[in-house]
Amino acid sequence: MTLHSIVIQKLLSTNAHLGRRVAAHHFKQFTYGHRNGMAVIDSDRTLICLRNAAQFIAAMAENKARFMFVNTNSLWDEILEQMTKKIGCYSPSMNTLWRTGGFLTNSHSPKKFRSRRKKIVFGPTQPPDCLVVFDSERKSSVILEAHRLQIPIVSLVDSDMPIEYYNKITYPIPCNSSVQFVYLFCNLITKTFLLQQKKSGAVSAEIETSERMGVIEEAKSAKKDEVLVVPYEFLHISTDVEKIEEMLDKLVVIKFNGGLGTSMGFGGPKSTMEIFDGLTSLDLIVNQIESLNSKYHCSVPLVLVNTDSTHEDTLKVLEKYSNSDIDIQSIKQTQHPQSKSQGGQSCEDELYPSGHGAVLLSLVKNGTLDVLLSKGKEYVLVVDSDNVAAKIDPKILDHLVENKIDYCMEVTPTSSYDSDLIGSRLQKFELAEIAQNSVKDSTEKFKLVDTGSLWLNVRAIKRLLDTDELRIEDFSVSKETESDQVLLQETAVGSAIRFFNHAIGVNVPNSQFLSMKKTSDLLLLKSNLYMYDEGVVVRNIARTNPANPVIELGPEFEKVSDLLSRFKSMPDIIDLDSLKVTGDVWFGAGITLKGRVMIHAKPGMKLEIPDGVVIENEDIKDPSDF
């Protein structure tokens, strides 16, 4: 028996040749004839179409294209779920969201969908490169949308499919879509993907290995006062979904929750301040973890480290997560004397030093570190209280696990440093060139900014503590520079990194570092410049300028209540370069600000900006200037 005969026999065993009673005229090219009033599909034609579709999918997979698999038949759910998990395209929400009209054609702007449980889910920000449809009879809407966007379609087609939909399918596969044939087709797609991944891996294995060894050797050779910084573009995540699940199960997210919003007139923890549409920065972290746990079937816990001033309020807020599947723990930070600031004056809260050293001190003193180790946790991500855009990034975790990195800080270039210089190659930076997030605006001296997100290997911390190499009490160290006598707290950068053998920095995108210290920061976060997708802060792609607008607000906007009352609605600042507002100024609704804008109300004058006005490169001092 020839190979061709064996394949044809396999197709016949799936009943792929059994058509409907009526065969459309355009489908007759695929039929062999009729028997008992049923159209018989030519298996040779089916085989040819299968080969063409497989070759096309292989070519798309080689170019790392985005695939979307559409299915509504519940009999095939488990088959498709197994296939998408194996090939790394698993997305549990995608199969539901496509039913909403305009799902593909509106995908250029993130679209919100509200489920029955009143949870908001975001559609994709980019359309797929290829659409694979398993039951085209029920999916006419998605076929029409994909054709309008010129997205190639691979679809199973039956003998009675209307010609207006058949003509829009790029690679039709004539068949009876039985469970057996769908399983065969999914198996073919899986093997095609895996073979293509194997070919790509064989070509790049030597390069990846050399790069990986280079990172390890570079990290080892770095001096104690410098750190190797890896560009974010160098990071790749595994396509093995089970490996990602296992990796995330070893992660713990720790959020330092000691920041108060008193400087902005907010009486409570800064993490409970509303940012966008009822969401707080604490909600964003929780939503990220919920998304990861749901997508990868893992269990990432969240630990909140509070101070006396934030602990009780945080416990009240956590009540709204009582029905959440996330393991959320709230602990109180251990009291530890803070070093004196310049001139011998105490810091605002001497008993609670901020930073990662204080967090680790609390974990060690209350035994949380030992509990994490007993649960099999290997990595912790410590998130600063001020960085609203902190991201739980599996790419970074995968890189740390693969290269056995013990310590990794997330950094981003300052506005005065050319980001292209760091985005193209590995570089070593002196610790003195890395600023803390609290001095982000001091760009002349520094090349990089520490975002406040720190990845640590739990076993490495435990090993250093057991051997007395790492003394948590010495984490908060003050360093006085000779040039301008500025006091630098080296909690995140210099104090701990010198104890770890394998320590690196990762240059993350600027969008992953958005501090919230002033109401001008809150204005940025509430504007149309940023959106929020499953807890991740996403920058609006309509803005072409990579830098954020520089916003200066007068004392009239100092408190959150003042900001919200003086803006009837947040202005459109997509094309804004800078904004300076002083005096008694009130903004209407639907205002657009572009270029460089200065608005100054003279003493005793109430300046009201009308609704819907567009201000571009203007200096407004009087209502007559509009």
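Each value, and the rule that gives it
Residues numbered from 1 in each chain as written. Predicted model: local features only at pLDDT ≥ 70, side-chain atom pairs only at ≥ 80, totals over all residues. Heavy atoms only, no water. Helix = DSSP H or I, 4+ residues; strand = E, 2+ residues; numbered from the N terminus. Buried < 20%, exposed > 50% of the residue type's maximum accessible area, 1.4 Å probe, protein only. Contact = heavy atoms within 4.5 Å. Areas by Shrake-Rupley, 256 points an atom, 1.4 Å probe, with all protein chains shown as cover. Salt bridge = Lys/Arg side-chain N within 4 Å of Asp/Glu carboxyl O. Phe/Tyr/Trp six-rings, centres within 6.5 Å; stacked < 30°, edge-to-face > 60°. Lys NZ or Arg CZ within 6 Å of the ring centre and 35° of its normal. Pairing = 2+ DSSP bridges. Axes fitted to C-alpha atoms, helices over the stretch in contact; angles between N-to-C directions. Parallel < 35°, antiparallel > 145°, perpendicular 65-115°, else oblique. Nonpolar A, V, L, I, M, F, W, Y, C, P; charged D, E, K, R; others polar. Core = buried A, V, L, I, M, F, W, Y, C linked by side-chain atoms within 4.5 Å. pLDDT = per-residue confidence, 0-100.

Chemist: So what about the overall build of the chain? Which residues, and what values?
Modeler: Secondary structure assignment for the chain yields 18 helices and 31 strands. Residue burial in the chain is summarised as follows: out of 626 residues, 49% are buried. Sequence-distant contacts in the chain: of pairs separated by 6 or more residues, those separated by 24 or more amount to 64%. For the chain, the accessible surface area stands at approximately 29900 Å², while carbon and sulfur atoms represent 50% of it.

Chemist: Residue-level account of the pattern of salt bridges, with values.
Modeler: A side chain with one charge can pair with a side chain of the opposite charge if their charged atoms come near. What the rule picks out here adds up to twelve salt bridges. A salt bridge links lysine 270 to aspartate 386, with the nearest nitrogen and oxygen atoms 2.9 Å apart. Of the two residues, lysine 270 sits in the loop between strand E10 (251–257) and strand E11 (274–276) while aspartate 386 sits in the loop between strand E15 (379–383) and helix H13 (394–403), which places them 116 residues apart along the sequence. Linking aspartate 611 and lysine 568 is a salt bridge whose minimum nitrogen-to-oxygen distance equals 3.6 Å. Placement of aspartate 611 in the loop between strand E29 (606–609) and strand E30 (614–616) and of lysine 568 in the loop between helix H18 (560–566) and strand E26 (576–582) is noted, with a sequence separation of 43 residues between them. For aspartate 611, a relative accessible area of 48% translates into the label partly exposed. Each of the salt bridges in this network shares a partner with another, and the network as a whole consists of Glu246, Lys250 and Glu378.

Chemist: Quick one: what's the story with the packing of aromatic side chains, residue by residue and with numbers?
Modeler: By the definition in use, this model includes eight aromatic pairs. With a centroid separation of 6.0 Å and 10° between ring planes, the pair formed by phenylalanine 67 and phenylalanine 69 is classed as stacked. Of the two residues, phenylalanine 67 and phenylalanine 69, neither departs from the other in class, the shared state being buried. Centre to centre, the rings of phenylalanine 557 and phenylalanine 587 are 6.5 Å apart; their planes meet at 65°, and the pair counts as edge-to-face. Of this pair, phenylalanine 557 sits in the loop between strand E25 (550–553) and H18 while phenylalanine 587 sits in strand E27 (residues 584–587); the two residues are 30 residues apart in sequence, bridging distant segments of the chain. Since its relative accessible area comes to 5%, phenylalanine 587 is described here as buried. One Lys or Arg, lysine 606, reaches over the ring of tryptophan 586 and ends 5.0 Å from the middle of that ring.

Chemist: So what about helix H17 (residues 519–526)? Which residues, and what values?
Modeler: Within H17, eight of the eight residues are buried, which leaves the element mostly enclosed by the surrounding structure. Listed as buried for H17 are Thr519, Ser520, Asp521, Leu522, Leu523, Leu524, Leu525 and Lys526. Residues of H17 that are buried sit in contact with E11, strand E23 (530–533), E25 and H18.

Chemist: Residues and numbers for the sheet that holds strand E8 (residues 171–174), please.
Modeler: Strand order in the open sheet formed by four strands is E3-E6-E7-E8, with parallel pairing between adjacent strands. In this open sheet, the two strands that pair with only one neighbour each are strand E3 (67–70) and E8. With strand direction ignored, the average angle separating the axes of adjacent strands in the sheet is 15°. Its contacts with the sheet put helix H2 (residues 43–62) on E3, strand E6 (130–133), strand E7 (153–157) and E8, and the angle it makes with E8 is roughly 145°.

Chemist: Residues and numbers for the packing of helix H8 (residues 241–248) against H13, please.
Modeler: H13 packs onto H8 with a crossing angle of 85° between their chain directions and a minimal axis gap of 11 Å. The angle between H8 and H13 places the two elements in the roughly perpendicular class. Contacts between H8 and H13 involve Lys243, Met247 and Leu248 on the former and, on the latter, Pro394, Leu397, Asp398, Val401 and Glu402. Among the residues forming the contact of H8 with H13, the class breakdown is five nonpolar, no polar and three charged.

Chemist: Pulling in residues and values, what's your account of the nonpolar core?
Modeler: Within the largest apolar cluster, 39 residues are counted, with the highest numbers of intra-cluster contacts made by Val585, Phe587, Ile599 and Ile609. Elements with a contribution of two residues or more to this core: H17, E23, E25, H18, E26, E27, strand E28 (592–600) and E29. The dominant element in this core, judged by the number of residues it contributes, is H17, at four residues. Ile326, Leu381, Leu397 and Cys408 belong to the second-largest nonpolar core, a separate cluster that totals 36 residues.

Chemist: Can you break down the confidence of the model for the chain residue by residue, with the values?
Modeler: Caution applies to low-pLDDT regions: their predicted coordinates should not be interpreted in detail. Residue-level pLDDT values for the chain average 77, and 74% of them are 70 or greater. Across residues 107–123, confidence stays below pLDDT 50; counting only partners more than four residues off in sequence or on other chains, it has 38 contacts.

Chemist: How would you summarise the side chain of serine 43 if you had to cite specific residues and measurements?
Modeler: Tracing the chain through its elements places serine 43 in helix H2. Judged by its relative accessible area of 12%, serine 43 is buried.

Chemist: Quick one: what's the story with unusual backbone geometry, residue by residue and with numbers?
Modeler: Even without being glycine, aspartate 277 reaches a positive phi, approximately 50°. Tracing the backbone shows aspartate 277 in the loop between E11 and strand E12 (279–280).

Chemist: Lay out the pairing of strand E19 (residues 448–457) with the relevant residues and their values.
Modeler: Across a regular strand the side chains alternate sides, sitting on one face of the sheet and then on the other. Where burial is concerned, most of E19 is hidden: ten out of the ten residues are buried. Looking at chain direction, E15 and E19 are connected through four bridges and run antiparallel. Bridging from a neighbouring strand, valine 382 pairs with leucine 454 of E19. Direction of pairing for strand E16 (residues 407–413) relative to E19: antiparallel, over a ladder of six bridges. The partner of proline 413 across the bridge, within E19, is leucine 448.

Chemist: Pulling in residues and values, what's your account of the pairing of E6?
Modeler: Of the two faces of E6, both are covered, the one formed by Cys130 and Val132 as well as the one formed by Leu131 and Val133. In this sheet, E6 lies alongside E3 in parallel orientation, the contact comprising four bridges. Bridged to valine 70 within E6 is valine 133. Bridge count for E6 against E7 is three bridges, and the pairing is parallel. Along E7, the bridge assignment pairs valine 132 with valine 154.

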